[in-house]
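Commentary on secondary and tertiary structure
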Amino acid sequence: LYKEGSAVGNTADKEQQSKMAAGVKEAQAAIAALSQRDTTVQQAYQKGKAALERKDYDGAIAQYQSGLAVEKLTDEWKKQLTDGYEAASAAKKAYDAAESKYEEGQQAFYAKDYDRAAALYQEGLAAGNKGDSAQKDKLTAALREVESATEARAGVQAGAASKYEEGQAAFGSD
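This write-up is about the structure you can find in this document.

Tyr102, Phe109, Tyr114, Ala117, Tyr121, Leu139 and Val146 are the most contacted members of the largest nonpolar core, which totals 13 residues. Elements with a contribution of two residues or more to this core: α4 (75–110), α5 (114–127) and α6 (133–172). The greatest single-element share of this core, amounting to 5 residues, is contributed by α6. Apart from the residues lying within four places of it in its own chain, the contact partners of tyrosine 102 are Tyr121, Lys138, Leu139 and Ala142. Core analysis: the second largest hydrophobic core is formed by 11 residues, Tyr45, Val70, Trp77 and Leu81 among them.

If you walk through the whole model with that rule in mind, you get 6 aromatic pairs. Between tyrosine 57 and tyrosine 95 the ring centres are 5.7 Å apart and the planes differ by 50°, which places this aromatic pair in the tilted class. Residue tyrosine 57 is located in helix α3 (residues 57–68), and its partner tyrosine 95 is located in helix α4; the two are separated by 38 residues in the primary sequence. Taking the relative accessible area as the measure of exposure, tyrosine 95 reaches 27% and is therefore partly exposed. A network of ring pairs unites the aromatic residues Tyr45, Tyr64 and Trp77 as a single cluster.

What follows concerns the pattern of salt bridges. Where charged atoms of side chains with opposite charge meet at close range, the side chains can pair. Within this structure, the stated rule accounts for 7 salt bridges. Residues lysine 92 and aspartate 58 are paired through a salt bridge, measuring 3.3 Å at the closest nitrogen-oxygen approach. Of this pair, lysine 92 sits in helix α4 while aspartate 58 sits in helix α3, and the two are 34 residues apart along the sequence. Since its relative accessible area comes to 48%, aspartate 58 is described here as partly exposed. Put simply, lysine 138 and glutamate 99 hold a salt bridge, and the shortest N to O gap is 2.8 Å. A residue pair is termed long-range when its members are at least 10 positions apart, and lysine 138 in helix α6 and glutamate 99 in helix α4 qualify at 39 residues. Under the relative-accessibility criterion, glutamate 99 is labelled buried at 15%. It is possible to trace a salt-bridge network through shared partners that takes in Asp58, Lys92 and Asp96.

Cut-offs used in this document
Residues numbered from 1 in each chain as written. Predicted model: local features only at pLDDT ≥ 70, side-chain atom pairs only at ≥ 80, totals over all residues. Heavy atoms only, no water. Core = buried A, V, L, I, M, F, W, Y, C linked by side-chain atoms within 4.5 Å. Buried < 20%, exposed > 50% of the residue type's maximum accessible area, 1.4 Å probe, protein only. Helix = DSSP H or I, 4+ residues; strand = E, 2+ residues; numbered from the N terminus. Contact = heavy atoms within 4.5 Å. Phe/Tyr/Trp six-rings, centres within 6.5 Å; stacked < 30°, edge-to-face > 60°. Salt bridge = Lys/Arg side-chain N within 4 Å of Asp/Glu carboxyl O.

Printed below as a string of structure tokens:
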């Protein structure tokens, strides 16, 4: 519009032409700034989405936050970034809860409190992200370890009970 006004206006009026040229430059700068903003926001959103897919919850949260920090967001971008941020935050919370149960389960396992360890690992599986196969595999492997240890302990206890009975029988036969 500024260019059209400049062409139609009094070409002899240098002041008018100067103002219109400045207006054109200002409009072009504003358009470039909007384009740069949209590019920055889009990149933050895409990087956040990719980080979330990789289970890099902290990275996803940081990317979504950087996008939300851009000034003058459109309502659409604000909603998409907010939704992404909330999804990443919820995923991180679930991951952290499952990791905490795993750590507690490990402590119980090494203390040979196998029932408590199994219960904690089960809680971790229930609390964790359903799509996080690495975390699920780790908790499932820990449960198998508990089962093996429980079976081994039961075998040792059965053998000890058998030897005790043999000893009692031998002692009583004297």
